[in-house]
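# Close look at the chain arrangement
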Amino acid sequence: QVQPVESGGGLVQPGGSLRLSCVARASSYSIYTMGWYRQAPGKQRELVALITGSNIIDYADSVKGRFTISRDNAKNTMYLQMDKLKPEDTALYYCNRLVAGRPVLGWGQGTQVTVSS
């Protein structure tokens, strides 16, 4: 199984922006449904955004209007543009492939996003 690699996290002030990247090397990447997850301390991992192979997109209510998911199939890469960040967005962010709504790849190390003044 391909293990995705996330990057782009960091420390940002409330209202700031970050862009996360996820690389998943697989020959059929372009048809995969891919998703961004996050896990805050003491909380369960949650799906925040997904994008299908046909570029159908969905977001968790908590990030709608602030986060934008996209993909570049030529680079086997998915992105998460995060704007108007809030302290409650602080979490370890992961990406994964979804099949029938469930993650199917091994989890990578994630990338830490911390929103704090």
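Now for a look at the structure at hand. None of these values were measured; they are calculated from a predicted model. (Residues numbered from 1 in each chain as written. Predicted model: local features only at pLDDT ≥ 70, side-chain atom pairs only at ≥ 80, totals over all residues. Heavy atoms only, no water.)

## A few points about the overall build of the chain
The number of helices and strands found in the chain is zero helices and 11 strands. Reading the secondary structure of the chain in the N-to-C direction produces β-β-β-β-β-β-β-β-β-β-β. Oriented by its inertia axes, the alpha-carbon framework of the chain measures out at about 40 × 25 × 25 Å. Burial analysis of the chain (117 residues in total) assigns 43% to the buried set. A fraction of 53% describes how many contacts in the chain between residues 6 or more apart in sequence connect residues 24 or more apart. Taken as a whole, the chain presents about 6300 Å² of accessible surface, with 47% of it coming from carbon and sulfur. (Helix = DSSP H or I, 4+ residues; strand = E, 2+ residues; numbered from the N terminus. Buried < 20%, exposed > 50% of the residue type's maximum accessible area, 1.4 Å probe, protein only. Contact = heavy atoms within 4.5 Å. Areas by Shrake-Rupley, 256 points an atom, 1.4 Å probe, with all protein chains shown as cover.)

## What to know about the nonpolar core
The biggest cluster of nonpolar side chains holds 28 residues, and the ones touching the most others in it are Met34, Trp36, Ile69, Met78, Leu80, Met82 and Tyr93. Mapped onto this core, the elements with two or more residues apiece are β3 (18–23), β4 (33–39), β5 (46–51), β7 (67–72), β8 (77–82), β9 (91–99) and β11 (111–115). Once you skip the residues sitting within four places of it in the chain, Met78 turns out to touch Leu20, Ser21, Cys22, Tyr29, Met34, Gly35, Trp36, Ile51, Ile69, Ser70, Arg71 and Cys95. (Core = buried A, V, L, I, M, F, W, Y, C linked by side-chain atoms within 4.5 Å.)

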